[in-house]
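# Commentary on secondary and tertiary structure
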Amino acid sequence: MPQGVLNFSVEGTNESLTSNAGTILFGEYLKAIKIDTLCNTYLPLAQSNRGYKPFEHIQPLLLMLHGGGRVLDDLRMIYHDKALKETLKIKRMPISESIGKWITRHGLQGIYGIESINRKLLKRHLKRVDEPLVLDIDASVIFSQKSTAVTTYKMQSGYTPMIGHINGGFVIHSEFRSGNIAPADNNLSFLKRCQEQLPKDKVLSFFRADSASYQATLFNYCNTHHITYTVGAHLDRSVYANIQKLKTWETLQIKEGTAHHLKEEVSEFIHTMQDTDHAFRMIVVKKRVTPLLPEIWDMLSTEEKLNLEKEHYHVIATNADESLSAEDIVRFYRKRGDTSENRIKEFKNGFNLSYLPSSNFISNAFYFQIGVLAYNLFILFKHTLQNSWKKHTVATIRYKLYHLAGKVIKHSRQIVLKVQKEFVEVFHAIRERIYKASLE
């Protein structure tokens, strides 16, 4: 027996133990909303009756990504978890090498199949949305040294996928793009593709994006289709000249009666672009910036402050009517920091999509779409959790739920999952909501 610092010993057991008791609930949710049927319907089937079904490839990937796995080899954690497999009735599972080959073999078909599955899930998500639909789009960068990766606008090799989020963070559409495609390329066609994903009874009301979408063709399309756009604008010569003519500025309020701590001011003017078929509002946010620490700033005279103070401008283009004030537009636009930018960080970092398994571009695109599916399922699965958990990231849910210890036993031909007593009611409540989800 090896020596130890503390007085305990280590022994083996043949009992069915798991460190993924909460992940079993996610696996049950997949069955409840019939992801197995969707995968076996929209993804390419094996040519032999003895081959693995599509869901037998996808299920381990979804469980692995939700559990925090980073590379395909991490699938072994699912493969060797007998308690999890027994509870979820996973009778057979391909090894990681086989799943990697399956992704490569069915890359393009797989991409279209995942898009169809996400379109079905979108209908389920929109049932819980009772407000106007807002589309946020943004490009991201996945740095990579794969042979198919090329230099991005950030001067490192990688890929630049475009991602569109609808209310609540659901990824309505995404495109895995080569690194040399600029964030401003094909944004109008991307917007149209996002619209195509919506059910016939749903209409897009708002479009929100950064300055990469500051394009006349996109503005014309939104105006024609009655979509209110709020897009970061370019501070070019003509815009700057109009800013210098502004005489009236209002202090930007973060909430009623409270001035913003950066002492921002807001104003607006009417602007147009050469190829737009309409004029639009240009909202201007002025920030006064100083390079000094607040303690030093307070020691300076008024004259010294005026000499050091610099003005920075940020401009937002919008076709919103006068029912929304300039302040309303600024507050609405800044929500994309959470609804788009933070969601992309959660998507990439929470589900380890910064890792791509192959040097084949199409294979990586398919794997990326599987990551999108895993993320969207997480957005849906959070509706089964208690209210205080619904804003948690996937990393927090792993800590609080997915990676709880459990023991699986068979009793009177039934499978029993045992967890600590303090979590029993939590599991019961989640399972009850999962059952209700299966009836939708």
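Residues numbered from 1 in each chain as written. Predicted model: local features only at pLDDT ≥ 70, side-chain atom pairs only at ≥ 80, totals over all residues. Heavy atoms only, no water.

## Some thoughts on the overall build of the protein chain
When helices and strands are counted, the protein chain shows 17 helices and 17 strands. For the protein chain, the C-alpha atoms occupy an extent of roughly 80 × 55 × 45 Å along the three principal directions. Classification of the 440 residues of the protein chain by burial places 50% in the buried group. Long-range contacts, defined here as pairs at least 24 residues apart, represent 65% of the contacts in the protein chain between residues at least 6 apart. For the protein chain, the accessible area works out to roughly 23500 Å², and carbon and sulfur atoms hold 51% of it. The averaged location of the 45 negative side-chain charges in the protein chain is 9 Å from the averaged location of its 58 positive side-chain charges. (Helix = DSSP H or I, 4+ residues; strand = E, 2+ residues; numbered from the N terminus. Buried < 20%, exposed > 50% of the residue type's maximum accessible area, 1.4 Å probe, protein only. Contact = heavy atoms within 4.5 Å. Areas by Shrake-Rupley, 256 points an atom, 1.4 Å probe, with all protein chains shown as cover. Lys, Arg positive; Asp, Glu negative; His and termini not counted. Charge placed at Lys NZ, Arg CZ, Asp CG, Glu CD.)

## Side note on the sheet that holds strand 5 (residues 157–159)
The strand order across the open sheet built from 3 strands is 3-5-4, with neighbouring strands paired in antiparallel fashion. Whereas interior strands pair on both sides, the edge strands pair on one side only; in this sheet they are strand 3 (142–143) and strand 4 (150–151). Bridge analysis of strand 3 against strand 5 gives 2 bridges, and the strand direction is antiparallel. Bridge pairing in strand 5 links I142 to Y159. (Pairing = 2+ DSSP bridges.)

## Considerations on helix 16 (residues 394–402)
What helix 16 keeps buried is the set V394, I397, R398, L401 and Y402. One side of helix 16 holds all its buried residues, which, seen down the axis, span an arc of 105 degrees. Turning to helix 16, the residues buried within the fold contact helix 1 (21–32), helix 3 (54–67), helix 14 (336–350), helix 15 (361–381) and helix 17 (421–438). (Arc of directions from axis to C-beta.)

## Considering empty space enclosed by the protein
Tallying each qualifying case throughout the model produces 2 cavities of 30 Å³ or more. When its volume is computed, the largest cavity comes out at roughly 70 Å³. Lining of the largest cavity is provided by E115, N118, V171, I172, H173, S174, Q197, Q369 and V372. Of all the secondary structure elements, the ones that give two or more residues to the lining of the largest cavity are helix 7 (107–126), strand 7 (170–175) and helix 15. For the lining of the largest cavity, the element with the most residues is strand 7, which contributes 4 residues. Class assignment for the residues of the lining of the largest cavity results in 3 nonpolar, 5 polar and 1 charged. Around the second largest cavity sit I137, D138, A139, M162, P183, N187, D210, A212 and S213, which together line it. Take the lining of the second largest cavity: its biggest share by element is 3 residues, from strand 2 (residues 133–139). Looking at the lining of the second largest cavity residue by residue, the class counts come to 5 nonpolar, 2 polar and 2 charged. (1 Å grid on protein atoms, 1.4 Å probe; cavity = no way out; pocket = protein on both sides within 12 Å on 5 of 7 lines; lining within 4 Å. Points joined across faces, edges and corners; volume = space filled by probe spheres on them. Nonpolar A, V, L, I, M, F, W, Y, C, P; charged D, E, K, R; others polar.)

## Points about the state of the cysteines
Per the stated rule, a full pass over the model turns up 0 disulfides. Among the cysteines around C222, which has no disulfide bond, C194 carries the closest sulfur, lying 11 Å off. A relative accessible area of 0% means that C222 is categorised as buried. (Disulfide = S-S within 2.5 Å.)

## Quick notes on the layout of surface pockets
Taken as a whole, the largest pocket spans an internal volume of roughly 840 Å³. N167, G168, G169, D338 and R343 are the residues nearest the centre of the largest pocket, which is lined by 30 residues in total. Ranked by residues supplied to the lining of the largest pocket, first place goes to helix 14 with 5 residues. Of the residues that constitute the lining of the largest pocket, the class distribution is 8 nonpolar, 10 polar and 12 charged.

## Structural notes on the environment of Y399
Here Y399 shows up in helix 16. Expressed as a C-alpha distance, the spacing of Y399 and D321, which sit 78 residues apart in the sequence, is 46 Å.

## Section: the sheet that holds strand 16 (residues 406–411)
In a beta sheet, neighbouring strands are held together by backbone hydrogen bonds and run either parallel or antiparallel to one another. What the 3 strands build is an open sheet, ordered 1-16-17; its pairing is antiparallel. Both outer strands of the open sheet, strand 1 (16–18) and strand 17 (414–418), are each paired with one neighbouring strand and no more. Strand after strand, the sheet turns through a mean of 25 degrees between neighbouring axes, direction not considered. Sheet topology places strand 16 next to strand 17; 5 bridges connect them, and they run antiparallel. Among the inter-strand pairings, K410 is bridged to a residue of strand 17, identified as I415. (Axes fitted to C-alpha atoms, helices over the stretch in contact; angles between N-to-C directions.)

## Details of the side chain of R177
Along the polypeptide, R177 turns up in the loop between strand 7 and helix 8 (187–197). With a relative accessible area of 5%, R177 lands in the buried category. A distance of 3.1 Å separates a polar atom in the side chain of R177 from a polar atom in the side chain of E175. (Polar contact = N/O pair within 3.5 Å; in protein donor to acceptor, adjacent residues only side chain to side chain.)

## Brief notes about the pattern of salt bridges
Scanning all chains against the criterion turns up 21 salt bridges. In this structure, E175 engages R177 in a salt bridge whose closest nitrogen and oxygen atoms are separated by 3.1 Å. Given the relative accessible area of 22%, E175 is considered partly exposed. Note that E322 and R281 form a salt bridge whose closest N and O atoms lie 3.9 Å from each other. (Salt bridge = Lys/Arg side-chain N within 4 Å of Asp/Glu carboxyl O.)

## Details of the nonpolar core
One finds I35, L121, F207, Y367, F381 and L401 to be the most contacted residues of the largest nonpolar core, which totals 114 residues. Excluding residues within four positions of it along the chain, Y367 makes contact with L61, M64, L65, R70, L72, I103, L353, Y355, L356 and P357. If you look at the next biggest cluster of nonpolar residues, it comprises 10 residues, including I283, I316, A320 and V330. (Core = buried A, V, L, I, M, F, W, Y, C linked by side-chain atoms within 4.5 Å.)

## Quick word on the packing of helix 6 (residues 96–105) against helix 15
One way to put it is that helix 6 packs onto helix 15 with a least axis distance of 8 Å and a crossing angle of 110 degrees. Classified by the angle their axes make, helix 6 and helix 15 are roughly perpendicular. Across the interface between the two elements, W102, I103 and T104 from helix 6 touch S363, F366, Y367 and I370 from helix 15. Among the residues forming the contact of helix 6 with helix 15, the class breakdown is 5 nonpolar, 2 polar and no charged. (Parallel < 35°, antiparallel > 145°, perpendicular 65-115°, else oblique.)

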